[in-house]
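# Structural description and commentary
As a plain string of letters, each chain reads:
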Amino acid sequence: MGVKNNNSDLSLSPTSRCLRGLSLSQYSKMDSFKVQTDVKKRLEDLRLGAQWHGDSGNSTLLPPPWLVKEKFYRAREVFRRNFFSMFFAHLSGLFLLVYIPNMLNPLHYTGNSSNLVRIFRRYVSTMRHVRKWYEGDIWNPEDPAYKSIIITRRMHKNVADSLNDKNTPTEFNKYRNMKTQLTCPYQQNVVMSQYDMALTQFSFIGVIVLFSRCLGIYCSQEDLESLVHFWRGVGYQLGIEDRFNICDGSLVETEAIFHKIMDVVWKPTIKSPLPEAVQLSKDIIQAMSIVVPFLHWTAMMKFWCGLLGLPFKEKVTSYVSFCHWLMFATFQIMINFSVFRIVFNVLLKIAYWRAVNYQNRLEKQLERLHTDIKR
């Protein structure tokens, strides 16, 4: 039936069994007070990025001096082995990211979230870009991955420039300072700032580092370090300044700031969300469910609230309970066996292939099944 991963311990609770965190032994090797102080200062420094444009203007043609290409390219193999779990982590990060109020501005302005078809189109495009970055070479100007990341950066910059234009109607910036006390204590006068880019970076790599075991991403410490280094490089190519790049420290330091961001920034906004954020997160899951069977928003929220230690009060139907059980069984039991991990990787690659090659047909299905989302 396959080889079971030895890291599993089914005698523990789901969260304590799989949550990756700074252990007491790691703290014992360092000054605990110093770690906490450094993390607090690091978050304060990151929040200063709210006043800086999201694109630093750095050159994409010259790799940064800190880049270790062997370490960077190692992430490619980690992604290949964990294709299913890592794409689930990325989808989860993106659907939770919209709970942060400032993230709603670009989506509202571009119209990419005005209906399910546009949402589906947007996230299929995101999937394609991210896969190219993992499997290609974002440092080689002749590689499709490089061209992909340049397109993404240019798109971000164009939207940011438009939103920061004083002539842009205020209706497109209505979330700019709404509930910002939860995410940033400073007045945020820049839309799609360096701080926003750092939070977006966290949505991709933070979920993986903090919940790798919960999501069946079984890899060594060196593998995790390579993933962090990979997303440090991606952040650089997307215009994040080194001082605002959340992946610039050791794995222990990076993990510490990730825990702080999760506790101080993400959890409060998920616990007390804007209605628009809840609706958009529902729309994202509903749109993507056309290619991923049994993907349901309520089941997803119950799953993530359980991992985050947040209360979940939504009504649960029998179908939702089944979807949640399936999610739990997949990541807590089946993914521990190599044969299932291979099968899930193949199934998701088929779903990805359908989404890319039959996108128009799937969009027509969404049009028939659902009416436009009214905002």
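What comes next concerns the included structure. (Residues numbered from 1 in each chain as written. Predicted model: local features only at pLDDT ≥ 70, side-chain atom pairs only at ≥ 80, totals over all residues. Heavy atoms only, no water.)

Grouped together as the largest cluster of nonpolar side chains are 115 residues, with contacts concentrated most on Phe120, Phe211, Leu215, Trp231, Ile261, Trp266 and Trp304. The residues contacting Trp266, other than those within four sequence positions of it, are Gly93, Leu96, Leu97, Ile100, Leu199, Phe202, Ser203, Val207 and Ile261. Listed in part, the five residues of the second largest apolar core include Val159, Ala160, Leu163 and Met192. (Core = buried A, V, L, I, M, F, W, Y, C linked by side-chain atoms within 4.5 Å. Buried < 20%, exposed > 50% of the residue type's maximum accessible area, 1.4 Å probe, protein only. Contact = heavy atoms within 4.5 Å.)

Turning next to unusual backbone geometry. For Met192, which is not glycine, the phi torsion reads 55° and is therefore positive. Of note, Met192 is situated in the loop between α9 (180-183) and α10 (194-211). Its identity is not glycine, yet Phe294 carries a phi of approximately 65°, on the positive side. Relative to the helices and strands, Phe294 is located in the loop between α13 (275-288) and α14 (297-308). A residue is classified by how much of its surface remains accessible, and Phe294, at 40% relative accessible area, is partly exposed. (Helix = DSSP H or I, 4+ residues; strand = E, 2+ residues; numbered from the N terminus.)

Evaluated as defined, the whole model comprises eleven salt bridges. Of the charged contacts in the structure, one is a salt bridge between Glu77 and Arg80, with a shortest N-O distance of 2.6 Å. With Glu77 and Arg80 both in helix α4 (residues 69-81) and three residues apart, the pair spans about one turn of that helix. For Glu77, a relative accessible area of 34% gives the class partly exposed. (Salt bridge = Lys/Arg side-chain N within 4 Å of Asp/Glu carboxyl O.)

Moving on, we come to the packing of α4 against helix α5 (residues 83-97). Put simply, α4 and α5 touch, their axes get as near as 5 Å, and they point 95° apart. Classed by the angle they form, the pair α4 and α5 counts as roughly perpendicular. Contacts between α4 and α5 involve Val78, Phe79, Arg80 and Arg81 from the first element and Phe83, Met86 and Phe87 from the second. (Axes fitted to C-alpha atoms, helices over the stretch in contact; angles between N-to-C directions. Parallel < 35°, antiparallel > 145°, perpendicular 65-115°, else oblique.)

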